Amino acid sequence: MKLYCLSGHPTLPCNVLKFKSTTIMLDCGLDTTSVLNFLPLPLVHSPRLSKLPGWISKDGSINLEKELKECAGRVFVDAQPEFCLPERELLDLSTIDVILISNYHCMMALPYITEHTGFTGTVYATEPTLQIGRLLMEELVNFMERVPKAQAATCWKNKEVQRMLPGPLKDAVDVWTWKRCYSMQEVNSALSKVQLVGYSQKVELFGAVQISPLSSGYSLGSSNWIIQSHHEKVSYVSGSSLLTTHPQPMDQSSLKNSDVLILTGLTQMPTANPDGMLGEFCSNLAMTIRAGGNVLVPCYSSGVIYDLLECLYQFIESASLGTTPFYFISPVANSSLEFSQIFAEWLCHNKQTKVYLPEPPFPHAELIQTNKLKHYPSIHGDFSSDFRQPCVVFTGHPSLRFGDVVHFMELWGKSSLNTVIFTEPDFSYLDALAPYQPLAMKCVYCPIDTRLNFHQVSKLLKEVQPLHVVCPEQYTQPPVTQSHRSDLMLELQPPPMPYRRCSVLSLPFRRRYERVYILPELANSLVPSEVKAGVSVATVSAVLHSKDNKHTLQSVPKPPPVAPSKKRKRVIEEPPVTLSPKPLLSGAVPLEAFLATLQKHGITEVKVEETSEGHILHLQAEDTLIQLEEDGTHIVCDNNEPLRTTLRDLVLRFLQKL
């Protein structure tokens with residue numbers, strides 16, 4: 001059993017598991033942190049960005065003025081943003097049988113894999129994962145296509161040139177594999193390969209293994225996966241949460257008795273408490289509004305935004321923010337808010353019960369009805385006529401490189417009354433803000449990450465007790481910035497097996513058993529012999545028939561009768577003699593009783609020597625050796641066949657024949 005790691009990002013995983021003749025891809029996360037190296041894509045012409053100076057090396061030997069721009073001491077690529085894809089050279093991706101998706105953030109690279117590698121398999125995901133994943137992909141394509149950039153930047157990717165660039169461009173990994181965003185046609189084609197599954201539904205793959213999704217408690221429809229055969233069990237735990245938020249709670253008990261547990265997608269903010277961050281978010285928002293400023297919240301169009309809106313719903317009245325308008329701007333804003341209300345069976349019990357009252361499970365429905373929350377596909381059209389300040393705007397993309405957020409950063413960045421509040425943990429907020437410097441607006445970092453932290457995961461692993469744990473190497477050592485914090489890493493016995501991008505692990509357990517079925521007529525012919533109380537054994541001669549990874553023992557076919565031949569043959573062919581199989585022997589030869597039996601038969605001079613395997617009996621008068629061992633008995637006797645036969649029969653008295 002092997003595990004291939006195709007992604008270096010622990011919360012955006014992409015691994016391939018080879019298990020019992022099946023090749024299974026576990027998630028296909030898209031590393032979007034590469035976009036931080038690019039200039040933002042403004043919706044309207046930005047004089048500030050267009051006047052940025054081009055970059056020339058200090059000695060003047062490298063001139064990339066058209067490709068690279070300098071801003072506040074940092075260098076950015078002036079081209080369409082590109083993404084760091086999962087590794088595609090480590091193994092032939094066309095051999096992948098199935099792709100299992102754990103949540104909608106971990107499927108963003110799906111079109112690159114299903115459309116450009118010869119993939120012909122099936123993708124398995126829950127319905128909310130598919131529908132919200134589709135929205136996020138659609139939003140990403142929309143952000144890119146509405147601000148097209150004609151020029152491509154490739155010269156800076158030359159290894160010799162990249163070595164001379166200032167950081168972080170100099171340290172960017174695998175830049176030649178970075179790709180532009182896919183098209184909507186590719187998205188639709190990729191998602192047409194998805195087959196929907198429900199929690200605890202068992203799906204058989206080629207008769208070899210069974211897969212089953214379990215609730216992971218992180219987002220709508222998010223799953224952990226069980227991959228098992230009759231005798232082996234692998235659990236894949238990715239992006240899980242034990243906190244009480246809107247999704248169904250995590251199913252922990254089904255993870256027990258795993259031979260291997262692959263662990264990924266832990267919190268990116270182990271020191272930040274989500275409840276504390278929500279409180280800080282609300283207080284900073286209220287402070288800015290009271291001072292007459294605007295609040296910008298760069299966020300994804302699904303996920304944490306549902307919890308932010310719910311928190312604000314409870315906070316608005318107590319903080320006297322009843323008249324402040326809240327705007328949610330995204331090409332998929334309307335679909336996202338509606339989807340969250342219709343996936344009732346995927347919600348926590350508390351929200352499910354509201355549906356039967358009937359009430360909308362999320363309070364943002366009431367915010368929309370009372371006109372406190374308004375949603376728009378973009379800043380153009382209705383929004384420009386309804387827009388009034390001070391206000392709160394939720395919009396994407398959290399990287400601040402594309403989407404409507406770029407317009408608001410340019411619009412509000414010059415005033416210290418305004419605040420940008422970062423709630424998504426995927427991007428370093430300082431790197432996200434770099435191309436907007438110098439910036440007057442206040443910046444608040446309240447990352448809300450509800451995924452498992454190290455304390456929670458250690459407790460979980462003690463309860464489910466897998467034999468082996470496999471995880472990204474980042475989890476086996478403390479963060480670089482806090483090297484003294486041994487509590488921010490996984491400390492397990494035995495230690496977890498770490499992996500990194502492009503590594504191939506041989507998982508540390510061997511398959512020892514296989515289930516075999518026996519046909520009733522063959523079973524009927526067996527003659528069991530009792531070897532000890534309650535244990536019977538039977539020998540079987542059969543033909544093993546294997547098809548679709550199912551193994552069956554069938555009766556040995558009888559040879560067809562030979563038709564009498566009219567021609568005379570010189571040599572008469574005898575039918576082959578089929579010998580009945582020798583009986584199998586079981587049991588042990590007890591030393592004292594065997595010596596007594598030898599004495600009865602007149603063999604008295606016996607010297608006994610103890611060995612690591614058993615005993616050696618030297619029959620001195622007969623010049624014969626008998627080796628009594630656990631798994632066999634050897635009689636060494638020269639040219640005395642009657643004696644050897646007698647000794648053999650004496651040994652057989654103590655053994656059972658099957």
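In this text, all values refer to a predicted model and were calculated from it rather than measured experimentally.

**Student:** What should I look at first to understand the overall build of the protein in this one?
**Tutor:** Scanning the protein from N- to C-terminus turns up 17 helices and 34 strands. The C-alpha radius of gyration computed for the protein amounts to 35 Å, which surpasses the reference 26 Å derived for 658 residues by more than 25%, pointing to a less compact arrangement than a globule. Across the 658 residues of the protein, 50% fall into the buried class. Pairs at least 24 residues apart make up 71% of the contacts formed inside the protein by residues separated by at least 6 positions. A total of about 32,400 Å² of accessible surface is found on the protein, and carbon and sulfur atoms cover 52% of it. On the protein, the mean spot of the 58 positive side-chain charges and the mean spot of the 65 negative ones are 4 Å from each other.

**Student:** Please explain the UniProt feature "domain: Beta-Casp" (unreviewed entry) in the protein as it appears in this structure.
**Tutor:** In the numbering used here, UniProt assigns the feature "domain: Beta-Casp" (unreviewed entry) to residues 305-433. The distance from the first to the last C-alpha atom of residues 305-433 is 21 Å, and the span holds 43% helix and 12% strand.

**Student:** Looking at this model, I keep getting lost on the pattern of salt bridges. Mind explaining?
**Tutor:** Pairing between side chains of opposite charge can happen when the charged atoms of each approach one another. Enumeration according to the criterion identifies 17 salt bridges in this entry. For K20, the salt bridge is made with E514, and the minimal N-O distance between the two is 3.3 Å. Of the two residues, K20 is situated in the loop between β2 (15-19) and β3 (22-26) and E514 in the loop between β23 (504-506) and β24 (516-518); the sequence distance between them amounts to 494 residues. Relative accessible area serves as the criterion here: at 10%, K20 is assigned to the buried category. A relative accessible area of 31% means that E514 is categorised as partly exposed. Ionic pairing is found between E410 and R48, a salt bridge with its closest N-O pair at 3.1 Å. Of this pair, E410 sits in helix α12 (residues 405-412) while R48 is found in helix α1 (residues 47-50), placing the two residues 362 residues apart along the sequence. Judged by relative accessible area, which is 17%, E410 ranks as buried. Taken together, the shared-partner salt bridges in this structure form one network comprising E87, D174 and R501.

**Student:** How do you make sense of the state of the cysteines when you look at a structure like this?
**Tutor:** Here, the word disulfide means a covalent bond between the sulfur atoms of two cysteines. Per the stated rule, a full pass over the model turns up 0 disulfides. In this model C71 remains outside any disulfide bridge; the closest cysteine sulfur is found in C443, 14 Å from its own. Classification of C71 by relative accessible area gives buried; the value is 4%.

**Student:** Quick question: what am I supposed to make of the sheet that holds strand β1 (residues 2-5) here?
**Tutor:** Where strands meet in a sheet, backbone hydrogen bonds hold them as pairs that are either parallel or antiparallel. What the 7 strands build is an open sheet, ordered β9-β8-β7-β3-β2-β1-β23; its pairing is mixed. Only two strands of the sheet have a single partner each, and these edge strands are β9 (194-196) and β23. Ignoring which end each strand starts from, the neighbouring axes of this sheet average 25° apart. Of the strand pairs in this sheet, β3 and strand β7 (residues 98-100) are connected by 3 bridges, and their pairing is parallel. The residue of β7 that forms the bridge with M25 is I99.

**Student:** I'm lost on the pairing of strand β6 (residues 74-77) in this one. Help?
**Tutor:** Two faces, one strand: in a regular strand the side chains alternate between the faces of the sheet. Taking every second residue as pointing to the same face, both faces of β6 are buried, with R74 and F76 on one and V75 and V77 on the other. Alignment of strand β5 (residues 63-71) against β6, held across 4 bridges, turns out to be antiparallel. Considered in β6, the bridge of E70 is made with V75. Here β5 folds back onto β6, and the loop between the two strands holds 2 residues, one of which, A72, carries a positive phi near 50°.

**Student:** Which parts of the structure should I look at to understand the environment of T264?
**Tutor:** For T264, the location among the structural elements is in strand β14 (residues 260-264). Judged by relative accessible area, which is 1%, T264 ranks as buried. Note: C-alpha distance between T264 and L12 (252 residues apart in sequence) is 8.6 Å. When near neighbours in sequence (up to four residues on either side) are disregarded, T264 contacts P10, P13, Y236, V237, S238, G239, P472, Y475 and Y499. Separated by 2.5 Å, the side chain of T264 and the backbone oxygen of P10 make a polar contact.

**Student:** In this structure, what is going on with the layout of surface pockets? I would like to understand it.
**Tutor:** Empty space among the atoms can be located by rolling a probe the size of a water molecule over them. For the largest pocket, the calculated volume is near 1,600 Å³. In terms of lining residues, the largest pocket is bounded by 45 residues, among which H9, P10, T33, Q268 and Q474 are the most central.

What counts and what doesn't
- Residues numbered from 1 in each chain as written.
- Predicted model: local features only at pLDDT ≥ 70, side-chain atom pairs only at ≥ 80, totals over all residues.
- Heavy atoms only, no water.
- Helix = DSSP H or I, 4+ residues; strand = E, 2+ residues; numbered from the N terminus.
- Rg over C-alpha atoms; globule rule 2.2 N^0.38 Å.
- Buried < 20%, exposed > 50% of the residue type's maximum accessible area, 1.4 Å probe, protein only.
- Contact = heavy atoms within 4.5 Å.
- Areas by Shrake-Rupley, 256 points an atom, 1.4 Å probe, with all protein chains shown as cover.
- Lys, Arg positive; Asp, Glu negative; His and termini not counted.
- Charge placed at Lys NZ, Arg CZ, Asp CG, Glu CD.
- UniProt positions renumbered as here; feature names shortened; annotations may be inferred.
- Salt bridge = Lys/Arg side-chain N within 4 Å of Asp/Glu carboxyl O.
- Disulfide = S-S within 2.5 Å.
- Pairing = 2+ DSSP bridges.
- Axes fitted to C-alpha atoms, helices over the stretch in contact; angles between N-to-C directions.
- Polar contact = N/O pair within 3.5 Å; in protein donor to acceptor, adjacent residues only side chain to side chain.
- 1 Å grid on protein atoms, 1.4 Å probe; cavity = no way out; pocket = protein on both sides within 12 Å on 5 of 7 lines; lining within 4 Å.
- Points joined across faces, edges and corners; volume = space filled by probe spheres on them.

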